[in-house]
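One letter stands for each residue in the lines below.
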Amino acid sequence: MLTKRIIPCLDIKDGRTVKGVNFENIRDAGDPVELGALYAREGADELVFLDITATNEKRKTLSELVNRIAHHINIPFTVGGGISSVDDVRVLLQNGADKISVNTSAFRRPELVSELAKEFGSQCVVAAIDTRMEADGQWYVYLNGGRVKTETKCIDWAHNVVDRGAGEILLTSMNNDGTKKGFALDITRQLAEALPVPVIASGGGGIPDHFVEVLEAGKADAALAASIFHFKEIAIPELKGYLQERGIAVRL
Amino acid sequence: MKLVIIKYNAGNIQSVLYALERIGREAVVTDDAAQIVAADKVIFPGVGEASTAMEYLRERGLDAVIKGVRQPVLGICLGMQLMCSYSEENDTTCLGIFEEKVRKFSGEGGLKVPQIGWNNIYDLRSPLFEGVADKSYCYFVHGYYAALGEQTIARTGYGETFSSALHRDNFYGVQFHPEKSAQAGERILRNFIDLI
């Protein structure tokens with residue numbers, strides 16, 4: 001039976017793993033390749049590397065890092081951050097990335113998603129969506145690492161990218177991210193039930209029960225977290241053991 | 001030992017190359033018929049769309065080259081599907097090495113298509129799985145699957161039960177990605193290289 005996936009996320013800045021709280025206050029958390037290899041050994045199902053400083057000048061650095069990751073890691077990994085063209089993606093895939101994630105650039109030019117799906121297949125196109133619930137109770141799409149609000153509703157944008165060929169959605173709730181108070185169950189469930197592709201829930205995982213909630217009540221196909229793994233608050237084997245005890249199918 | 005990875009217009013070739021490096025093996029990536037035929041082992045990888053890939057192989061005569069290889073060949077994911085007789089993906093006639101037909105997942109019961117993630121392989125019947133526990137988890141990414149048949153050497157369930165591996169003569173195929181399947185995948189790659 002297909003298992004639920006546990007995915008550590010490594011935010012990369014200048015070649016180091018970092019983690020912020022509510023998208024700010026960045027702290028250093030170590031070498032991404034070492035950390036990624038450790039997680040793979042511990043039983044992580046996939047890894048996500050997001051280059052939060054990606055710019056054109058940094059692209060070469062990123063592709064070198066991806067190449068190093070690919071040489072050392074025996075599970076699938078996704079790379080994101082500043083990807084805006086078919087050529088950007090080709091370089092990353094050639095260096096060993098399995099999937100790429102697009103966010104702001106896809107929102108600015110939605111054809112990018114269609115182009116990537118056509119060129120490389122939907123299986124390697126992850127649409128990352130940062131969303132925040134506003135006072136009106138609606139979830140809106142945010143861009144540029146959460147700094148720019150749009151008037152587009154999360155569910156509408158999610159349908160749009162899936163129609164264009166995105167193979168997975170990586171959904172981050174900005175309200176929950178960094179709080180360790182649990183994932184955003186309602187929006188995760190809404191997307192997971194409405195979309196024909198897997199939804200990876202991100203933002204807010206603090207204790208094992210939060211993962212149980214998002215994978216069961218939230219209907220997520222996978223759960224992503226960063227700092228709780230980086231700072232060893234929860235070990236992956238312990239988390240997956242707990243999920244299995246609660247009757248959730250995981251790879252052990 | 002000369003290992004060759006067939007180069008064509010499908011993804012994941014690099015991943016396979018790195019996976020072999022991680023287990024201490026070097027491989028040559030080539031579409032040169034002479035090199036393919038002279039190899040000790042041939043790996044036919046693939047992530048992509050069936051009709052485009054078959055068209056590419058036919059244009060270059062690689063279809064006949066692959067069918068004519070006498071050494072062990074391992075097809076991975078799309079590579080395995082292309083070794084089947086037919087794929088529903090854009091109504092494509094494939095290489096016909098395996099008799100099984102490739103069908104699209106129905107998605108019935110709310111199952112998401114493509115299947116993405118770790119699923120177990122069971123009813124293992126081949127030296128390819130020497131030392132690999134029954135129900136081991138492997139990493140799958142696919143919207144189409146090979147039906148069960150005489151040549152099935154591993155099964156997996158996702159709505160339907162399908163062939164997660166096939167074997168005929170010197171030809172082997174796996175639907176999952178051994179190059180991304182952690183220790184189980186590394187063992188399967190080693191088995192292909194060392195045992196078969």
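Residues numbered from 1 in each chain as written. Chains lettered and ligands numbered in written order. Predicted model: local features only at pLDDT ≥ 70, side-chain atom pairs only at ≥ 80, totals over all residues. Heavy atoms only, no water.

Chemist: Tell me about the overall build of chain A, and name the residues and values.
Modeler: Helix and strand counts for chain A come out as 10 helices and 12 strands. For chain A, whose C-alpha radius of gyration is 17 Å, the value lies close to the compact-globule estimate of 18 Å for 252 residues. Principal-axis analysis of the C-alpha atoms gives chain A an extent of 45 × 45 × 40 Å. Buried residues in chain A amount to 61% of all 252 residues. Across chain A, the fraction of contacts at a sequence separation of at least 24, relative to all contacts at a separation of at least 6, is 65%. Of note, chain A has its 29 positive side-chain charges centred 1 Å away from the centre of its 35 negative side-chain charges. (Helix = DSSP H or I, 4+ residues; strand = E, 2+ residues; numbered from the N terminus. Rg over C-alpha atoms; globule rule 2.2 N^0.38 Å. Buried < 20%, exposed > 50% of the residue type's maximum accessible area, 1.4 Å probe, protein only. Contact = heavy atoms within 4.5 Å. Lys, Arg positive; Asp, Glu negative; His and termini not counted. Charge placed at Lys NZ, Arg CZ, Asp CG, Glu CD.)

Chemist: Go over the pattern of salt bridges with me, naming the residues and quoting the values.
Modeler: Evaluation of the coordinates by the stated rule reveals 24 salt bridges over all chains. Two residues, R68 of chain A and D31 of chain A, come together in a salt bridge whose shortest N-O distance is 3.5 Å. On the criterion of sequence distance, the pair formed by R68 of chain A in helix α2 (residues 59-72) and D31 of chain A in the loop between β3 (24-30) and α1 (32-42) is long-range, its members being 37 residues apart. Its salt-bridge partner being E186 of chain B, residue R22 of chain B comes within 3.8 Å of it at the nearest N-O pair. Linking R22 of chain B in helix α1 (residues 13-22) with E186 of chain B in helix α6 (residues 182-194), this pair joins segments that are 164 residues apart in sequence. Looking at E186 of chain B, the relative accessible area reads 16%, which means it is buried. The structure contains a network of salt bridges with shared partners spanning R5, E46, K99 and E168 of chain A. (Salt bridge = Lys/Arg side-chain N within 4 Å of Asp/Glu carboxyl O.)

Chemist: Let's hear about the packing of helix α3 (residues 86-94) of chain A against helix α5 (residues 111-120) of chain A: which residues, and what values?
Modeler: The geometry of a pair of packed helices is captured by two quantities: the angle between their axes and the separation between those axes. Residue and element names in this part refer to chain A. For the pair α3 and α5, interaxial distance at closest approach is 10 Å and the crossing angle is 40°. Classified by the angle their axes make, α3 and α5 are oblique. Where α3 crosses over α5, the handedness of that crossing is right-handed. On the side of α3, the interface is formed by V86, V89, R90 and L93, while α5 contributes L112, E115, L116, E119 and F120. (Axes fitted to C-alpha atoms, helices over the stretch in contact; angles between N-to-C directions. Parallel < 35°, antiparallel > 145°, perpendicular 65-115°, else oblique. Left-handed = near helix turned anticlockwise from the far one by under 90°.)

Chemist: Give me the nonpolar core: which residues, what numbers.
Modeler: One finds I169, L191 and F211 of chain A to be the most contacted residues of the largest nonpolar core, which totals 82 residues. Once you skip the residues sitting within four places of it in the chain, I169 of chain A turns out to touch A127, I129, A158, V161, V162, L191, L195, V197, P198, V199 and I200 of chain A. One finds C138, V174, L189 and I196 of chain B within the second-largest nonpolar core, a separate group that totals 34 residues. (Core = buried A, V, L, I, M, F, W, Y, C linked by side-chain atoms within 4.5 Å.)

Chemist: Any chance you could break down the packing of aromatic side chains for me, citing the residues and the numbers?
Modeler: Evaluated as defined, the whole model comprises 14 aromatic pairs over all chains. Note on F49 of chain A and F77 of chain A: the rings are 5.8 Å apart at their centroids and 90° apart in plane angle, and the pair reads as edge-to-face. Highlighted residues: F49 of chain A in strand β4 (residues 47-51) and F77 of chain A in strand β5 (residues 77-80), separated in sequence by 28 residues. A network of ring pairs unites the aromatic residues F105, F140, Y145, Y158, F162 and F176 of chain B as a single cluster. When the ring centre of W118 of chain B is taken as origin, the NZ or CZ atom of R251 of chain A, which lies over that ring, is 3.6 Å away. The ring centre of Y144 of chain B lies 5.1 Å from the NZ or CZ of K104 of chain B, which sits over that ring. (Phe/Tyr/Trp six-rings, centres within 6.5 Å; stacked < 30°, edge-to-face > 60°. Lys NZ or Arg CZ within 6 Å of the ring centre and 35° of its normal.)

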